[in-house]
Every structure is written in structure tokens, then in C-alpha cells.
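Coordinate inspection notes
Here are the chains, one letter per residue:
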2 protein chains.
Amino acid sequence: MATLVDIANYTGLAISTVSKYFNGGSLRPYNKTKIENALKVLDYRPNQAARTLKTKRTYSIGILVPNLQSSFDTHIITAIEQELTAANYSSILCTYGSDPKIEAKKLRFLLDKQVDGLALLPSGTIHKELFEYLEENKKIVLFDRVLDGFSFDAVITNNSQITEDLVDFLVMQGHREIGIITNTVYTGSQRLEGYKHGLIKHGIEIKESLIRIGSWSIHDGRNHMDSLLTCNPRLTAVIACSEELCLGTVQILREKKIHIPDDISVVGFDMYGISTLTDPAITAVEQPVDEMGKNIVDILLRKIQLDEVQVGTIHCFNASIDNRQSVRHIPQPY
Amino acid sequence: MATLVDIANYTGLAISTVSKYFNGGSLRPYNKTKIENALKVLDYRPNQAARTLKTKRTYSIGILVPNLQSSFDTHIITAIEQELTAANYSSILCTYGSDPKIEAKKLRFLLDKQVDGLALLPSGTIHKELFEYLEENKKIVLFDRVLDGFSFDAVITNNSQITEDLVDFLVMQGHREIGIITNTVYTGSQRLEGYKHGLIKHGIEIKESLIRIGSWSIHDGRNHMDSLLTCNPRLTAVIACSEELCLGTVQILREKKIHIPDDISVVGFDMYGISTLTDPAITAVEQPVDEMGKNIVDILLRKIQLDEVQVGTIHCFNASIDNRQSVRHIPQPY
DNA sequence: ATGAAAGCGCTAACAT
DNA sequence: ATGTTAGCGCTTTCAT
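Quick look at the structure, then. (Residues numbered from 1 in each chain as written. Chains lettered and ligands numbered in written order. Predicted model: local features only at pLDDT ≥ 70, side-chain atom pairs only at ≥ 80, totals over all residues. Heavy atoms only, no water.)

**Remarks on the sheet that holds strand 12 (residues 320–322) of chain B**
Within a sheet, neighbouring strands are paired by backbone hydrogen bonds and run either parallel or antiparallel to one another. All names here are of chain B. The 6 strands lie next to each other as 7-6-8-9-10-12, forming an open sheet whose pairing is mixed. Only two strands of the sheet have a single partner each, and these edge strands are strand 7 (211–214) and strand 12. Each neighbouring strand pair of the sheet contributes to a mean axis angle of 20 degrees, computed without reference to strand direction. Across 3 bridges, the pairing between strand 10 (residues 283–286) and strand 12 is antiparallel. (Pairing = 2+ DSSP bridges. Helix = DSSP H or I, 4+ residues; strand = E, 2+ residues; numbered from the N terminus. Axes fitted to C-alpha atoms, helices over the stretch in contact; angles between N-to-C directions.)

Right, here's the structure in full:
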């Protein structure tokens with residue numbers, strides 16, 4: 001692998017002149033062609049480690065997410081990557097398996113790789129590495145969740161409002177015994193809040209027996225749906241607050257020969273490709289992942305290029321309810 | 001951010017002594033504690049760019065895959081990452097969206113990042129970057145597919161044999177008009193081959209009207225299943241050779257009110273979490289992703305640590321048929 | 001427009 | 001065991 005020195009020797013030019021050729025300085029045309037000829041023979045590639053050592057820039061962005069099992073995450077990652085590639089930036093993708101310890105480790109790894117910026121779907125734990133990113137003037141944008149007490153910019157969805165809308169919708173269809181399976185993280189608790197608002201708005205009592213809070217897993221979807229059924233004989237609908245939870249919910253209902261939507265109505269979140277796999281297709285909340293991904297990159301690049309400071313702006317996108325066939329209309333008595 | 005020089009100044013030691021502290025040389029205990037005290041005050045982090053510039057090593061491995069939409073890919077990535085983390089290596093994950101142009105670009109990016117090794121799920125195109133990896137003594141392991149004419153090690157599955165087994169199974173259940181939806185890439189054509197072997201073995205004629213070859217997409221799954229139905233009125237079973245194709249197949253059958261398995265039996269590949277979403281659950285071929293991921297890392301690290309040369313060994317794992325409820329038993333006339 | 005030279009932070013001989 | 005020093009490949013003043 002050739003270096004700048006090799007090219008300098010080959011052409012008889014100074015190394016700094018050759019460097020200027022690559023970094024867009026003005027060169028005598030004669031020397032320009034000399035270098036270009038050398039390039040044909042020498043197969044030169046700039047050494048990024050050397051360049052980074054000198055400039056502290058890498059033109060790459062770290063993307064850090066819990067895992068690749070949820071299609072919301074993989075879709076938004078894909079959108080981010082495409083946008084980044086278009087802007088001639090590269091991405092380094094890491095996962096932390098929902099484990100704050102590994103999250104800190106990966107945060108460290110990306111910091112050590114000297115990424116220019118970071119798109120982070122955080123666990124919620126505040127790591128000291130986060131402060132170092134700020135100190136070293138790295139640009140950070142959070143997505144899907146916010147981090148309280150920090151002034152990070154974040155790209156999120158109107159979780160609370162859309163869940164309230166969901167309750168509206170279910171109530172309009174005649175449901176009053178509506179269960180919810182959610183979790184403790186930001187999105188989960190926002191959705192729970194919307195659920196409560198919705199019920200209150202319609203004068204329906206909030207019953208703890210209808211609320212299940214656990215983790216974002218198929219396993220918990222199964223267990224919580226099961227327990228919801230045994231505790232609430234009059235249950236007619238359930239909101240499963242993630243793709244995994246909804247998968248678990250559908251699974252257990254199928255096993256128990258409980259029919260959707262005749263016996264129980266089900267609505268999910270973020271089902272993307274698989275919402276139409278079941279029979280009937282699942283009504284679900286969908287987030288505008290492509291726009292969100294694009295927005296994340298826009299913010300990041302603007303920060304990097306204009307050196308904008310962190311102000312903690314929240315960019316909130318509107319999710320929508322994709323109405324399919326998993327909600328039953330219950331005729332009301334007069 | 002402190003450097004080795006800062007620590008050297010703080011402790012009064014030479015910079016090389018401090019370097020040795022981090023790289024495991026022998027130090028006087030007295031000096032060791034001096035450095036450790038300095039560390040408490042100085043918050044030092046080795047500059048990886050400088051270290052790489054000097055040593056040409058990064059302790060990181062590139063993982064390059066087409067995309068994150070298929071759960072086979074995300075599962076095997078997860079397995080690779082876990083194994084790598086356990087061995088104190090890091091991973092840089094990139095996707096190329098099934099586009100050979102972007103594949104070359106990402107190959108380049110990872111090479112420029114000076115990864116020590118590469119786990120690649122290749123598009124099939126031979127890029128010049130691949131030769132550079134070899135030249136620069138990077139360690140490569142392919143997975144899921146092989147690259148003809150190269151002597152890269154590869155970790156794959158017995159695609160042909162398992163599909164032949166699948167045909168065996170279907171024939172035993174009384175099926176003779178068996179369609180297949182597959183694609184042109186390595187795994188797709190291997191599976192097609194197994195399909196043909198299976199039919200021949202049972203003395204069943206191979207009919208082109210039962211074979212559909214396209215891309216690995218939900219869209220193609222829908223279209224090809226549709227066309228299979230119209231062209232083959234006596235069709236009783238279909239093999240969908242990927243998760244996406246199977247999703248499309250199930251979708252269109254549902255829309256057309258064609259019942260699985262009473263009207264048509266369906267078997268898929270790599271359905272992982274979602275095989276039990278449908279009613280009935282889908283019988284599918286599953287690959288041992290965890291073992292495969294572990295094996296990929298083992299080979300890679302052995303190569304790196306022992307500087308083993310490329311010999312083109314094929315590591316072939318056995319897939320298995322997870323029999324669920326999407327295949328009907330057809331009673332045979334005497 | 002071009003060149004000389006310093007230095008980014010580190011490792012690894014080599015000398016002591 | 002510790003220190004001195006050269007140099008990895010590049011960018012960037014500063015002269016010319």
C-alpha cells in the first residue's frame with residue numbers, strides 16, 4: 001500500500017504538495033497530471049488512522065441501538081444509513097442488547113473510534129461516557145426515547161397522544177374493558193399515560209387489573225395476555241405496546257383458541273411487514289420511520305457542519321393508526 | 001483528554017514506561033501505583049488512531065450483510081457480536097442493501113478502518129477490494145453463501161440436502177404437485193437443486209410450471225404464489241425458500257381465502273419469531289444461527305491469532321425441519 | 001504554487 | 001526496570 005511519500009518520490013514533488021492535491025488546494029496542471037499518473041501505478045489509499053490522528057475527524061457516525069430484533073429499530077437504522085451514505089458519511093452500527101453495561105462499553109468504543117456524531121436509542125441509564133461526548137464536542141441525537149435532565153436533541157413520536165387516539169377508537173367501537181400491556185421505558189410509560197388519559201376522557205374507570213407492565217419481549221406478551229384474561233373475564237380489547245408484545249399476545253390467543261377479533265380485539269405497535277401475516281390482519285400504530293431517520297441525519301449533519309450547540313430540542317413526529325381487521329365493533333345497547 | 005505524555009509528566013516517568021504499563025510490561029510496584037494515582041486525576045484514554053497508525057491492528061472485525069430485514073441475518077449478527085464481545089473484540093456492522101456498488105463501498109470503508117478481519121455475507125459479485133483484503137493479510141470468513149473461484153473459508157448450511165428432505169417429507173404426506181418459490185443467489189439455487197433431487201428420487205416429473213425464481217422479497221412471494229396457483233390447478237403444496245417469500249405467500253393466500261393447510265400446504269425457511277404468528281403455525285426449515293455465529297468468530301480469531309492462511313474450508317451446518325401445522329396429510333388411494 | 005518541517009499520540013527497538 | 005529515540009502517515013503552518 002503506497003503512501004504520500006511514495007507519490008512524492010515518484011513524482012519528485014514535495015509530500016505537502018501531494019497532500020494538497022487530495023485536500024483541494026491549487027496545483028499547477030502539469031503537476032496535477034504527474035500525480036494522476038503516479039496514482040495509476042501506485043494504488044494509493046489515504047491512511048485514515050493517520051488522518052484522524054491529525055485532524056480528529058472521521059466522517060463517520062455511530063449508531064447505537066438495543067438490538068436488531070425489533071423492526072422499528074431496523075427500519076429506522078436503514079433510513080439513517082441511507083441518508084448518511086447519500087451525504088458521504090459512513091456509519092458504524094452497534095447494539096447493546098438492552099444491557100446498560102454493554103451500552104457503556106459500546107458508547108466507549110464509538111468514542112474511541114472518534115466518530116463525529118452519534119445517533120442513540122438509549123437504555124435510559126445515564127453513563128459518564130455521555131458527558132465525554134459532550135466534552136469532546138461530538139454531536140448527539142437521541143431517537144425513540146428522551147433522556148431526562150439532559151439537553152440532548154431527540155427525535156420521537158407522539159406516543160401519549162396516539163395511544164389516547166387508540167383508546168378513542170376502541171371506545172367508539174364499543175369497548176370499555178380495555179387492557180394494556182406495556183413496559184417501563186420511556187415509550188412504554190408515555191403510551192400508558194395516553195391510555196389513562198383516554199379512559200378518563202371517556203369517563204371510564206382506570207383499573208390496575210387491566211394494566212400489565214413488564215419488558216419488551218414475546219415472552220412477556222404471552223404471560224401478560226394470559227394473566228389479563230384470567231383476571232378480567234369481561235375483557236374485550238387489548239393494546240400491546242410493541243411488536244414483540246403483540247407477537248406474544250397473538251401467539252397465546254391462538255394457542256388458547258381465543259379468536260381475534262370476535263373474542264378479543266387486539267391492537268399493536270410497529271408491526272411493519274408482519275401485521276398482515278395473521279388472519280385477521282392486525283390493526284397497529286405505525287411510526288414514520290423514514291422521515292424520522294432522515295430528520296436524525298439532518299440534525300446531526302447540521303450540528304457537525306455548523307457546529308451548533310446542544311439545546312435539547314424535541315422533534316416530535318406523528319404516528320398513525322393503520323386500521324386493519326383485528327378490532328371488533330361491539331353494538332351498543334340503547 | 002490526557003495523553004501518555006501527560007501521565008509521564010505527572011509521574012516523572014518516561015513515556016515508554018507508561019506505555020509499558022498499559023501493554024503489560026514489568027514495572028516496579030512503586031511506579032505502578034504512581035501511574036494509577038495519575039490515572040485517577042487525569043482520565044486518560046488511549047488514542048486508537050495513534051495506536052492503529054503504529055501497530056496496524058484495531059481489535060475490531062467488520063460484519064457486512066445485505067440488510068437487516070431478514071431475521072436470519074439479524075440473528076446470526078447478534079450471535080457473532082456476542083461471541084466477539086466475549087473475546088474482547090469489537091464489531092463494526094455495515095449493510096449494503098443488496099447493491100454490489102454499495103457493497104464495494106462498504107468493503108472499502110471497513111478496509112480503511114483497518115479491521116483485523118471480516119465476516120461477510122456476499123452479494124456474489126467479486127470486488128477488487130476482496131483481493132486487497134487478502135493482500136493486506138486481513139482475515140475473511142464468508143457465511144450463508146460461498147464465492148466460487150475464491151478460497152475463502154465459509155460457514156454455510158446443507159441447503160440442498162435439507163430441501164431434499166423437505167420434499168421427502170411432503171411426498172410422505174401424500175403431496176406430488178409441489179411448487180417452489182426461490183431465487184438465483186447461492187442459497188436459492190442450492191435449495192432448488194435439492195428440490196429437483198427430491199422429486200427425481202421419488203420418480204416425480206420436474207415441471208417448470210411449478211418453479212418460480214425471482215428475488216428475496218415479500219412482493220415476489222405474493223406474485224409468484226399467485227402465478228403458481230393459476231398455472232397449477234392441482235397444486236397441493238409450496239416451498240417458499242426465504243422468510244420474505246413465505247410472508248408474501250401467506251399474505252396472498254389469506255387475501256384469496258385459500259386456507260392453509262386444507263387447500264394448500266406451505267413450508268418456509270428461517271421464520272424464527274414469526275413462524276407461530278400465523279394460524280396454523282408454519283412448518284419451516286431453521287438454521288442453527290447461534291452455532292454458526294460462534295463458528296464464524298472461532299475461525300476468524302484463530303486466523304488472526306495464529307495467522308492461519310486462507311484455505312477455503314467449507315464449514316457446513318445441518319438445518320432442521322421444524323414441523324408445525326402448515327402441512328396437510330393427504331390420504332393415498334390404494 | 002511549492003517545499004521544509006513540526007507534530008498528532010503512540011509503540012518498539014535499543015541503550016542504559 | 002527505565003529512558004531515549006525514531007517513526008507510523010498524515011495535515012498544516014510558515015517560508016520561499
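Alright, that's what it looks like, and here's the rest.
**Some thoughts on the protein's contact with DNA strand D**
With respect to spatial proximity, 28 residues lie near DNA strand D, and among them Leu4 and Tyr44 of chain A together with Ala14, Lys20 and Asn31 of chain B are the closest. Restricting attention to atoms of DNA strand D within 4 Å of the protein, one finds that 62% of them are sugar or phosphate atoms. Take Tyr44 of chain A: an N or O atom from its side chain is 2.6 Å from a phosphate oxygen of DNA strand D. Of all the elements in the fold, those that place two or more residues in the surface near DNA strand D are helix 2 (15–22) and helix 4 (48–55) of chain A together with helix 2 (15–23) and helix 4 (48–55) of chain B. (Near = heavy atom within 4 Å. Polar contact = N/O pair within 3.5 Å; in protein donor to acceptor, adjacent residues only side chain to side chain.)

**A word on helix 12 (residues 289–306) of chain B**
Residues and elements named next belong to chain B. Across its 18 residues, helix 12 extends 25 Å between first and last C-alpha, which sits within 8% of the 26 Å expected from 1.5 Å per residue. Buried within helix 12 we find Val289, Met292, Gly293, Asn295, Ile296, Val297, Ile299, Leu300, Leu301, Lys303 and Ile304. Packing partners of the buried residues in helix 12 comprise strand 1 (60–65), helix 5 (71–86), strand 3 (117–120), strand 4 (139–143), strand 5 (153–157) and strand 11 (314–317). Where helix 12 ends, the next residue or the one after it, Asp307, has phi of about 50 degrees, a positive value. (Expected span 1.5 Å × (residues − 1). Buried < 20%, exposed > 50% of the residue type's maximum accessible area, 1.4 Å probe, protein only. Contact = heavy atoms within 4.5 Å.)

**Considering the pattern of salt bridges**
As enumerated under the stated definition, the model contains 32 salt bridges over all chains in all. We note a salt bridge from Lys303 of chain B to Asp153 of chain B, for which the minimum N-O separation is 3.0 Å. Here Lys303 of chain B is found in helix 12, whereas its partner Asp153 of chain B is found in strand 5, with 150 residues between them in sequence. The same class applies to Lys303 of chain B and to Asp153 of chain B, which are both buried. Look at the salt bridges and you will find they share partners, linking Arg108, Asp112 and Glu132 of chain A into a network. (Salt bridge = Lys/Arg side-chain N within 4 Å of Asp/Glu carboxyl O.)

**Quick look at the interface of chain B and chain A**
Across the contact, 48 residues belong to chain B and 48 residues belong to chain A. When chain B packs against chain A, the two sides together hide about 4100 Å² of surface, and 54% of this comes from carbon and sulfur. A per-residue breakdown of the area chain B buries against chain A is headed by Leu68, Arg254 and Leu277 of chain B, which together make up 16% of the total. Inspection of the region where chain B meets chain A yields 2 salt bridges. Along the contact surface separating chain B from chain A lie 14 residue pairs in polar contact (both at pLDDT 80 or more). Contributions of two or more residues to the side of chain B that touches chain A are made by helix 4, helix 5, strand 2 (90–95), helix 6 (100–112) and helix 11 (243–255) of chain B. Residues of the side of chain B that touches chain A, tallied by class, amount to 16 nonpolar, 20 polar and 12 charged. (Buried area = accessible area lost by both parts, 1.4 Å probe. Nonpolar A, V, L, I, M, F, W, Y, C, P; charged D, E, K, R; others polar.)

**Re the packing of helix 1 (residues 4–11) of chain A against helix 2 of chain A**
Residue and element names in this part refer to chain A. The geometry of helix 1 relative to helix 2 is characterised by a closest axis approach of 8 Å and an angle of 110 degrees between their N-to-C directions. Compared by their axis directions, helix 1 and helix 2 come out roughly perpendicular. Between helix 1 and helix 2 lies a crossing whose hand is right-handed. Of the residues in helix 2, those touching helix 1 at Leu4, Val5, Ile7 and Ala8 are Ile15, Val18, Ser19 and Phe22. Its residues assigned to classes, the contact of helix 1 with helix 2 shows 7 nonpolar, 1 polar and no charged. (Parallel < 35°, antiparallel > 145°, perpendicular 65-115°, else oblique. Left-handed = near helix turned anticlockwise from the far one by under 90°.)

**A word on the pairing of strand 6 (residues 178–183) of chain B**
Residues and elements named next belong to chain B. Burial analysis of strand 6 places 6 of its 6 residues in the buried class, the great majority of the element. With burial as the criterion, each face of strand 6 is covered, one bearing Ile178, Ile180 and Thr182 and the other bearing Gly179, Ile181 and Asn183. Pairing of strand 6 with strand 8 (residues 237–240) involves 4 bridges; the strand directions are parallel. Bridge pairing in strand 8 links Ile181 to Ala240. Sheet analysis places strand 6 next to strand 7, joined by 4 bridges and oriented parallel. By the bridge assignment for strand 7, Ile180 is matched with Ile211. After leaving strand 6, the chain enters helix 9 (residues 186–201) and then returns to the sheet as strand 7, a path that is right-handed. (Right-handed = clockwise from strand over helix to strand, strands pointing away.)

**Regarding the nonpolar core**
If you look at the biggest cluster of nonpolar residues, it comprises 86 residues, and the most contacted ones within it are Tyr195, Met225 and Ile239 of chain A together with Tyr195, Met225 and Ile239 of chain B. Setting aside residues up to four positions removed in sequence, Met225 of chain A forms contacts with Ile181, Asp220, Leu235, Val238, Thr249, Ile252, Leu253 and Ile264 of chain A. Counting residues in each nonpolar core, the second largest holds 51 residues, with Ile61, Val289 and Ile299 of chain A together with Leu300 of chain B among its members. (Core = buried A, V, L, I, M, F, W, Y, C linked by side-chain atoms within 4.5 Å.)

**Things to note about the packing of aromatic side chains**
Residue and element names in this part refer to chain B. Counted by the stated rule, this structure contains 10 aromatic pairs over all chains. Both rings, one in Phe22 and one in Tyr44, keep their centres 5.0 Å apart while their planes meet at 35 degrees; by these two values the pair is tilted. You can see Phe22 sitting in helix 2 and its partner Tyr44 sitting in the loop between helix 3 (29–42) and helix 4, a full 22 residues away along the chain. (Phe/Tyr/Trp six-rings, centres within 6.5 Å; stacked < 30°, edge-to-face > 60°.)

**A few points about the sheet that holds strand 7 (residues 211–214) of chain A**
All names here are of chain A. Read across the sheet, 6 strands follow the order 7-6-8-9-10-12 without closing on themselves; strand pairing throughout is mixed. One side of each edge strand has no neighbouring strand; the edge strands of this open sheet are strand 7 and strand 12 (320–322). Here the strands of the sheet are splayed against their neighbours by 20 degrees on average, with no regard to which way each runs. Together, strand 6 (178–183), strand 7, strand 8 (237–240) and strand 9 (265–269) form the strand contacts of helix 9 (residues 186–201), whose direction differs from that of strand 6 by roughly 160 degrees. In the packing of helix 10 (residues 218–231) onto the sheet, contacts are made with strand 6, strand 7 and strand 8, and the angle to strand 7 comes to roughly 155 degrees.

**Structural notes on the pairing of strand 2 (residues 90–95) of chain A**
Most of strand 2 of chain A is tucked away, with 5 of its 6 residues classed as buried. On the question of chirality, the crossover connecting strand 1 (residues 60–65) of chain A to the parallel strand 2 of chain A by way of helix 5 (residues 71–86) of chain A is right-handed.

**Digging into the relation of the copies chain B and chain A**
Overlaying chain B on chain A yields an RMSD of 0.2 Å, the required transformation being a rotation through 180 degrees with an accompanying axial translation of 0.1 Å. Taken together, the rotation and translation relating the two chain copies correspond to the operation of a two-fold axis. When the interface residues of chain B are mapped onto chain A, 100% of them are again interface residues, pointing to one common binding face. (Least-squares fit on C-alpha atoms with pLDDT ≥ 70 in both.)

**Quick notes on the side chain of Gln173 of chain B**
Residue and element names in this part refer to chain B. Positionally, Gln173 belongs in the loop between helix 8 (159–172) and strand 6. At 3.1 Å, the side chain of Gln173 forms a polar contact with the side chain of His329. When near neighbours in sequence (up to four residues on either side) are disregarded, Gln173 contacts Val327, Arg328, His329 and Ile330.

**Focus: the state of the cysteines**
Under the counting rule described, the total for this entry stands at 0 disulfides over all chains. Free cysteine Cys246 of chain A: the closest other cysteine sulfur is in Cys241 of chain A, separated by 10.0 Å. Of all cysteine sulfurs in the structure, the one in Cys241 of chain B sits closest to Cys316 of chain B, which takes part in no disulfide; the separation is 16 Å. Note on Cys316 of chain B: relative accessible area 46%, which makes it partly exposed. (Disulfide = S-S within 2.5 Å.)

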